[in-house]
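If you want the building blocks of each chain, they are given just below.
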Amino acid sequence: MDYFAKNIISILKEETHLKEDEIENLIEIPPDIKMGDYAFPCYSLSKALKKAPNVIATELAKKIQAINPISEIKAIGPYVNFFVDKAVYSEKVLKSISKESDAYGHAKIGNDKAVVIDYSSPNIAKHLAVHHLRSALIGSAIYHIYKTLGYKCVGINHLGDWGTQFGQLIVAYKKWGNENTHKSYTVTDLNNLYVKFHQEAEKNADLENESREWFKKLEAGDTEARELWQHFKDISLKEFQKIYDMLGIHFDAFIGESFYNTMVEDTVRRLKGKGLTRISEEALIVDLEPYNMPPCLLRKKDDTTLYATRDIAAAEYRKKTYNFDKTIYVVGSEQKLHFKQVFKVLELMGYDWANRCVHVDFGLMKFKDGKMSTRKGKVVLLEDLLIEAVERIRKIIEEKNPALENKESVANDVGIGAVIFADLCTKRNKDVVFDWDEALNFEGETGPYIQYTHARLCSILRKYSKPVTPDINYSLLKEDETIILIKNLCQFPTIILKAAEFYEPSLVCNYLIDVCGSLNRFYNTHRVLSEDDNLTKARILLVNSTRQVIKNGLNMLGIHAPEQM
RNA sequence: GCGCCAGUAGCUCAGCUGGAUAGAGCAUCGGAUUUCUAAUCCGGCGGUCGAGGGUUCAAGUCCUUCCUGGCGCGCCA
């Protein structure tokens, strides 16, 4: 609750006989600045007082008095509207931004508690493609957001580096892989082998048996199998890292599924010990019928384990290793049921932290004509998208600002930023249809728009080239465009909290669009640098504050804020 | 068949846990620059909020039925 709301509550408390938190919940922000800064709706009083809401509003407005920092109280229809003293308001907001600067929007609510976040988690031996983008970016943004709220974040890349497909890959490699080019193998080669295996396997059923044999060898720790598997993994990781570097995505640990291979037996033993398992159709399951869910499969009839088993083992490991307060899985919504089952099993195992496991799901990315598929080669590689984005930005720079220094690095920041922003901008749970022109649109509500706004502000500050001070005459900040902007800036900390609560980075994106819209409207109607020293000083402070908020917001999304573009 | 998610302007999306006349961007049409970056801003056009019923002083928002699309539902992850 902010300073002004507090004052309004104390004014309203006596006359309405409502409790403080009741009033707080009722108070809202009018849709138009001309109506006031805060509003108290009188509908809910109408029953008790047996009067029409607008009558109540009128009477109430007459009875109560505006005291500093509230400058005016006025009934409009069924609302009592409050106007705050603009100078006091501006001073509060802008001084706190100046003081906190890079830390504006941060909080300490996390108390250094650990949050484990599982994101990206691609499969080995396949390229990172555009449909891998969402998990990586949403996870990374949540990482940043929680970090700014004082949590200790642990980013984990839960690589898909285990399973029968590695048996297939070994067979394919031994049959068609060229030993001599061994050292220069790329993910493309691995992917080709994978595709070739499936083509050949249709004609020759023996291949599947061979691959099962090899996977068994791998599980048993056979040296040759192990070495090949490690080799495939090294090739993949090297290429993944290149993309993560381009995107600026960081992980604290790369711990793949294979890592839990040795722990799975223990986990199964614990589950059995607690009497949670039974055999059904030759498989080992946890019956979830009482919870209206299909059973959770722990072990196949051939005795090998499944991903649910490994996820349970992984959760136990993460709790033991990081003692997390919360663990977040940023995984597509097609796995909703899977995580519901896993979390339920953890709960049945008696872990009180089971309800602090969160599946942050998101909608699918697909093409207009259907799903993306690595097998059919129907994908857009992430690297291609990023390179194309940077390339297009480079052309725009040549056209609009050829004298720019550091063109390369700016093109990178803006191109990559555009891709990140476009992906994070829509709410998580919506499906996304991939479209080159949409992903690479740079006008309107886009990353470059935010960055451009930021660069313009930096430009003004460069031209001003004097220190910015919060000791200004705040009553000079009085026009509507100015006040609306300051109100926007004031919301930032609340937005961050909300984004964290709902695991929703899109809230930050939409907020930044609002701020930039307000800023640009201000920019187009008022001059910052002028002959009037005091006014210049005041507006410079506003410019610097806005620059700061945009920068902080972009950083939370993992986007750079270049000072020129 | 059952479950989960979505359906808001021609297109892409917002809509603050039920509140004041449903908002942006793109597209389209028309305007703004001798002044801090026009990757900007202003205006016009454009809506039975998928459909019906219900709860409420008040519903895009809550309940219910139906329609359409996506995803999931035992040995892949």
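About the thresholds
Residues numbered from 1 in each chain as written. Chains lettered and ligands numbered in written order. Predicted model: local features only at pLDDT ≥ 70, side-chain atom pairs only at ≥ 80, totals over all residues. Heavy atoms only, no water. Helix = DSSP H or I, 4+ residues; strand = E, 2+ residues; numbered from the N terminus. Contact = heavy atoms within 4.5 Å. Areas by Shrake-Rupley, 256 points an atom, 1.4 Å probe, with all protein chains shown as cover. Lys, Arg positive; Asp, Glu negative; His and termini not counted. Charge placed at Lys NZ, Arg CZ, Asp CG, Glu CD. Salt bridge = Lys/Arg side-chain N within 4 Å of Asp/Glu carboxyl O. Buried < 20%, exposed > 50% of the residue type's maximum accessible area, 1.4 Å probe, protein only. Phe/Tyr/Trp six-rings, centres within 6.5 Å; stacked < 30°, edge-to-face > 60°. Lys NZ or Arg CZ within 6 Å of the ring centre and 35° of its normal. Domains from an automatic or database assignment. Buried area = accessible area lost by both parts, 1.4 Å probe. Polar contact = N/O pair within 3.5 Å; in protein donor to acceptor, adjacent residues only side chain to side chain. Near = heavy atom within 4 Å. Nonpolar A, V, L, I, M, F, W, Y, C, P; charged D, E, K, R; others polar. Axes fitted to C-alpha atoms, helices over the stretch in contact; angles between N-to-C directions. Left-handed = near helix turned anticlockwise from the far one by under 90°. Pairing = 2+ DSSP bridges.

Draft legend 1. Quick look at the overall build of chain A. Across its full length, chain A carries 20 helices and 14 strands. Taking the principal axes of the C-alpha coordinates as reference, chain A spans close to 85 × 65 × 40 Å. In chain A, of all internal contacts separated by at least 6 residues, the share reaching a separation of at least 24 is 74%. Working note: accessible area of chain A is about 27100 Å², and carbon and sulfur atoms make up 48% of it. Within chain A, one finds 76 positive and 79 negative side-chain charges whose respective centroids are separated by 2 Å.

Draft legend 2. Local environment of the pattern of salt bridges. Counted under the stated rule, the structure contains 30 salt bridges. A salt bridge links glutamate 479 to arginine 539, with the shortest nitrogen-to-oxygen separation between them at 2.9 Å. A residue pair is termed long-range when its members are at least 10 positions apart, and glutamate 479 in the loop between helix H17 (447-464) and helix H18 (480-501) and arginine 539 in helix H20 (residues 533-557) qualify at 60 residues. For glutamate 479, a relative accessible area of 19% gives the class buried. Taking the relative accessible area as the measure of exposure, arginine 539 reaches 6% and is therefore buried. Among the ionic contacts, a cluster of salt bridges with common partners joins Asp37, Lys86 and Lys487.

Draft legend 3. Here's a closer look at the packing of aromatic side chains. Enumeration according to the criterion identifies 25 aromatic pairs in this entry. Where tyrosine 119 meets phenylalanine 251, the ring centres are 4.7 Å apart and the plane angle is 25 degrees; that geometry is what we call stacked. Highlighted residues: tyrosine 119 in the loop between strand E4 (114-118) and helix H6 (133-148) and phenylalanine 251 in the loop between helix H10 (223-247) and strand E6 (253-254), separated in sequence by 132 residues. An identical accessibility class is assigned to tyrosine 119 and phenylalanine 251; each is buried. A network of ring pairs unites the aromatic residues Tyr119, Tyr143, Tyr244, Phe251 and Phe254 as a single cluster. Here lysine 92 stacks its cationic end above the ring of tyrosine 3, 4.0 Å away from the centre of that ring. The cationic tip of lysine 274 hangs over the ring face of tyrosine 351; the distance from NZ or CZ to the ring centre is 5.2 Å.

Draft legend 4. Representation of the domain arrangement of chain A within the structure. We note that the domain assignment places domain 1 (3-84), domain 2 (164-247) and domain 3 (418-557) within chain A. Contact residues are listed per partner, giving 4 residues for domain 1 and 4 residues for domain 3. Together, the buried faces of domain 1 and domain 3 total about 300 Å²; carbon and sulfur atoms form 57% of this surface. Contact with domain 3 buries surface across domain 1, with Ile33, Lys34 and Asp37 losing the most and accounting together for 92% of the total. Across the contact surface, domain 1 and domain 3 share 2 salt bridges. The salt bridge involving lysine 34 is made with aspartate 480; its shortest N-O contact spans 3.6 Å. One can count 1 residue pair in polar contact (both at pLDDT 80 or more) joining domain 1 with domain 3.

Draft legend 5. Inspection of unusual backbone geometry at higher detail. Cis rather than trans, the peptide bond between asparagine 68 and proline 69 has omega equal to 5 degrees. Along the chain, proline 69 turns up in the loop between helix H4 (53-63) and strand E2 (70-76). Phi angles above zero are rare outside glycine, and aspartate 303 is one such case at about 80 degrees. Structurally, the position occupied by aspartate 303 is in the loop between strand E9 (296-299) and helix H12 (307-322). Classification of aspartate 303 by relative accessible area gives exposed; the value is 55%.

Draft legend 6. Representation of the protein's contact with RNA strand B. The local shell around RNA strand B holds 61 residues, among which Tyr79, Tyr307, Tyr452, Arg456 and Ser459 are the closest. Among atoms of RNA strand B positioned within 4 Å of the protein, sugar and phosphate together represent 60%. A distance of 2.7 Å is found between a phosphate oxygen of RNA strand B and a side-chain nitrogen or oxygen belonging to tyrosine 449. At 3.2 Å from a base oxygen of RNA strand B is found a main-chain nitrogen or oxygen belonging to leucine 529. For the surface near RNA strand B, the element with the highest residue contribution is H17, accounting for 8 residues. Classifying every residue of the surface near RNA strand B gives 27 nonpolar, 11 polar and 23 charged.

Draft legend 7. Up close: the packing of H10 against helix H14 (residues 382-400). Relative orientation of the contacting elements H10 and H14 amounts to 35 degrees, with a least axis distance of 10 Å. Between H10 and H14 lies a crossing of left-handed hand. For the pair H10 and H14, the contacting residues are Lys242, Ile243, Met246 and Leu247 in the first and Leu382, Glu383, Leu386 and Ile387 in the second. Here the residues of the contact of H10 with H14 sort into 6 nonpolar, no polar and 2 charged.

Draft legend 8. Seen up close, the sheet that holds E2. Sheet architecture is open: 3 strands sit in the order E1-E3-E2, paired in antiparallel fashion. Of all strands in the sheet, those with a lone pairing partner are strand E1 (38-41) and E2, marking the two edges. Adjacent strand axes in the sheet meet at a mean angle of 20 degrees, parallel and antiparallel pairs treated alike. When E2 meets strand E3 (residues 79-84), the two strands line up antiparallel, connected through 6 bridges. Directly across from isoleucine 76, in E3, lies its bridge partner tyrosine 79. In the packing of H4 onto the sheet, contacts are made with E1, E2 and E3, and the angle to E2 comes to roughly 155 degrees.

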